[in-house]
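One letter stands for each residue in the lines below.
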Amino acid sequence: MSGRERILGRVRRALADVAPDDRPYGEAVPRDYLREHGRRTVEETVELLAENLADYRAVVHRGTEDRLPALIGRLLAERGSREVLVPAGLPPAWTAAADAVRVDDRAADTPQRLDRVDSVVTGCAVAVAETGTIVLDGSPDQGRRRISLVPDHHICVVRVPDQVVSSVPQALERLDPGRPLTWISGPSATSDIELDRVEGVHGPRTLEVILLG
Amino acid sequence: MTGTFVGMPAFPKAAHDAVHDPTLRGNLRHATHTIRAKRARAVGELSDWAALREAGRRIKDHTLRHLDRYLLQLEESVTAAGGTVHWAADADEANRIVARLVRETGESEVVKVKSMATQEIGLNEALEAEGIRAYETDLAELIVQLGEDRPSHILVPAIHRNRGEIRDIFRKEMGRWGRPAPDDLTDTPAELAEAARLHLREKFLRAKVGISGANFMVAETGTLVVVESEGNGRMCLTLPETLISVVGIEKVVPAWRDLEVFLQTLPRSSTAERMNPYTSMWTGTTDEDGPRAFHLVLLDNGRTDTLADRVGRQALRCIRCSACLNVCPVYERAGGHAYGSVYPGPIGAILSPQLRGTASEIDASLPYASSLCGACYEVCPVAIDIPEVLVHLRERVVEGGPAVRQGNKVVLRPAKGHAAERAAMRAARWAFGHPGALRAGQRLASRTRRLHPRTLPGPGRAWSGTRDLPAVPAEPFRDWWQRTRGGKDGAE
């Protein structure tokens, strides 16, 4: 007998004593929890996102479309970045004012190559105000998962208010489970030493979020 | 579960050493008290916590009720998305499958994301025997692996180590496994994290095979979810060409939407954060992004036996947040090693004896590793009534009775060492059924009360060593009732 048949058989025997339950899934679970916590205006939601991002040590900037290239150029220069990774669909204007050399996100590049790049600039799919989270879904302006992971400095541009939601339930509604998703809340951190949060382990140690609106 | 903890002494004996280790006591007190206050704050931010907890409980119960259906649906979704699903009835079968998959890649080393399931089956040791080296990449797991130590906490396996001890382990051992720690390494957490970053970097970048567990699997979409902090998970999940995930069958949830509950309750319960730094979700494979091959190994290893127990099956709701460990007064003092399992603390005390059975000394003692104070139930984000299951398992240990082991119905024999307890209970049952004998006995006890010892002799000594024997009254209650007509005569 295969492991599969054995396990399924065991499950069925284990449940033999339970009364039949034909309630459909939709009725089995009460959903009387909140869709979002508290009522806020759009501006207040964006403000909460900024607060919660900063609370987990992301550096928050605000920008407008026309001043964005200069802002990104400045952030890269302050960091001393010589090379910056860009996903294929990132608007070219965003990095037009940067001195750093643009490195395209290509499938053929080895992880070692990515490790030599100083910074990466991406867009995002959605941002969650209540938790201070940005979610990347691999769209053309965000690129492969590894590019926002290996470089030590990540600049993420969030379009406000369009890409901002209040809560986790609202974020999941907007996301496509078929895409590879990465939820990011602040820079890499650990609680492994004495259960206290320390920033900076394997992922980017500096996360800068630009709220573009 | 496998051999890592074979020959462990019973909990009271193992805990005895731990409670006399002042460093360990200090480390645990510091860590658990830090997280307790923070968790309470994080949970307090959500006014609908009780509703989320209830929804989480109901989702898990519903899934377990229809587990066969959801596992089949999951298999179909994962396969449709480009993954391959394997089924492992026990630890050996899971280890064989993983070792074969690694061998087929031609590689002899793998990088691992922290995973309770692979700890439970002893995967690292099994791979080592096949000539495959497994590198743990979670900071705490790295500390445990370098120190040739055992995990003592679900979330923070090195919680029993303080920063000074961690620095010493890094200085001494890192060189044997790869890049050594810097010579001038201090014990500041940031420097320790930096040392781990440098040490593991080369391993991540060259890794061709990654091994993980998962926090959730969505049947409807075939999506797997890994919740983590450091980014080591993302490294292992995205850089290698082959990804193998070993996941307990109880980790399945029906729908994508169910994540909206657990992604709110898990981070706040475990690390007391609004959200953990990184959560990865993947569905099969994606062209030109991440691993080209994805294998999911569904693990039973005692879970269906647990499912067969009407009271005990609720333990399968567990989402491994470890909040119950952090609030437990017994865990705080005894530490994780005394539980003799990768699952320590209150949840371990109900999970290990169910996954492994109660045949060994340590497993038969675990249901007693509790004062039944109920703090664990209070904080549990899926409302597992741990005290209820503890009492149920105590009964099973003492009385024996029907149970399911490896899918087969068995009748457990009453455990040894509880003979006195059983004899006392039998005597009590007889006495309460014979009022005349009960009255005679009570009168005799009252008259001889000045002669009663303060502590019990023989095997009863351990029990009365920490308790006062109740004083016997000068007159049995029923005699007093009859004499005074229930106190109506005003007599004393």
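What counts, and at which threshold
Each residue is numbered by its place in its chain's sequence as written, counting from 1. Written order determines the labels here, with chains lettered from A and ligands numbered from 1. Where local features are concerned, this predicted model is filtered to residues with pLDDT of at least 70; where side-chain atom pairs are given and counted, the filter is 80 or more; whole-chain, interface and lining totals use all residues. With hydrogens and water excluded, all non-hydrogen atoms of the structure serve as input to the side-chain values. Burial classes follow relative accessibility: with a 1.4 Å probe on protein chains only, a residue under 20% of its type's maximum area counts as buried, one over 50% as exposed, and anything between as partly exposed. A helix here means a DSSP run of H or I that spans at least four residues, while a strand means a run of E at least two residues long, and both kinds are numbered starting from the N terminus. Two strands make a pair as long as DSSP finds a minimum of two bridges between them. In this analysis, two residues are considered to be in contact whenever any of their non-hydrogen atoms come within 4.5 Å of each other. Throughout, buried area stands for the accessible area (probe radius 1.4 Å) lost by two parts on being put together, summed over both. Whenever Lys or Arg places a side-chain nitrogen within 4 Å of a carboxyl oxygen from Asp or Glu, that contact is recorded as a salt bridge. Any N or O atom pair separated by 3.5 Å or less is treated as a polar contact, with the protein-specific requirement of one donor-capable and one acceptor-capable atom, and with residues adjacent in sequence counted only for side-chain atom pairs. Only C-alpha atoms enter the line fits that serve as axes; for helices the fit covers just the stretch in contact. Angles between N-to-C directions range over 0 to 180 degrees.

Draft legend 1. Layout of the pairing of strand β11 (residues 401-405) of chain B. All names here are of chain B. Among the five residues of β11, four are classified as buried, and the element is accordingly described as predominantly covered. Looking at chain direction, β11 and strand β12 (residues 408-412) are connected through five bridges and run antiparallel. The partner of Ala403 across the bridge, within β12, is Val410. Where β11 hands over to β12, the hairpin turn is made up of two residues, of which Gln406 adopts a positive phi near 45 degrees.

Draft legend 2. Representation of the interface of chain B and chain A in the model. Contacts between the two partners involve 100 residues from chain B, matched on the other side by 77 residues from chain A. Taken together, both faces of the contact between chain B and chain A bury some 7,900 Å²; the carbon and sulfur share is 56%. Taken together, chain B and chain A are joined by 14 salt bridges. Between Asp258(B) and Arg31(A) there is a salt bridge, and its shortest N-O distance comes to 2.7 Å. On inspection of chain B and its partner chain A, the count reaches 46 residue pairs in polar contact (both at pLDDT 80 or more).

Draft legend 3. Inspection of the pattern of salt bridges at higher detail. Inspection of every chain in the model, using the stated rule, returns 57 salt bridges over all chains. Salt-bridge contacts for Arg201(B) lead to Asp115(A); the nearest nitrogen and oxygen are separated by 3.0 Å. Here Arg201(B) is found in helix α10 (residues 189-206), whereas its partner Asp115(A) is found in helix α5 (residues 111-115) on a different chain. Arg201(B) gets classed as buried once you look at its relative accessible area, which sits at 9%. The closest approach of N and O atoms between Lys251(B) and Glu250(B), which form a salt bridge, is 3.5 Å. With a relative accessible area of 5%, Glu250(B) lands in the buried category. Through salt bridges with shared partners, a single network forms among Arg31(A), Arg35(A), Glu173(A), Arg257(B), Asp258(B) and Glu260(B).

Draft legend 4. A look at the sheet that holds strand β3 (residues 133-136) of chain B. Residue and element names in this part refer to chain B. An order of β1-β10-β7-β4-β2-β3 is seen for the six strands of this open sheet, with the pairing classed as parallel. The sheet is open, and its two edges are formed by β1 (84-88) and β3, each paired on a single side. Across this sheet, the average inter-strand angle for adjacent strands is 25 degrees, counted without regard to direction.

Draft legend 5. A look at unusual backbone geometry. Here the amide bond leading from Val160(A) into Pro161(A) is cis, since omega sits at 0 degrees, within 30 degrees of zero. Relative to the helices and strands, Pro161(A) is located in the loop between β7 (153-159) and β8 (164-165). One non-glycine residue, Ala383(B), lies in the positive phi region at around 55 degrees. The topology assignment puts Ala383(B) in the loop between α18 (375-379) and α19 (386-399). On the basis of relative accessibility, which here comes to 9%, the residue Ala383(B) falls in the buried class.

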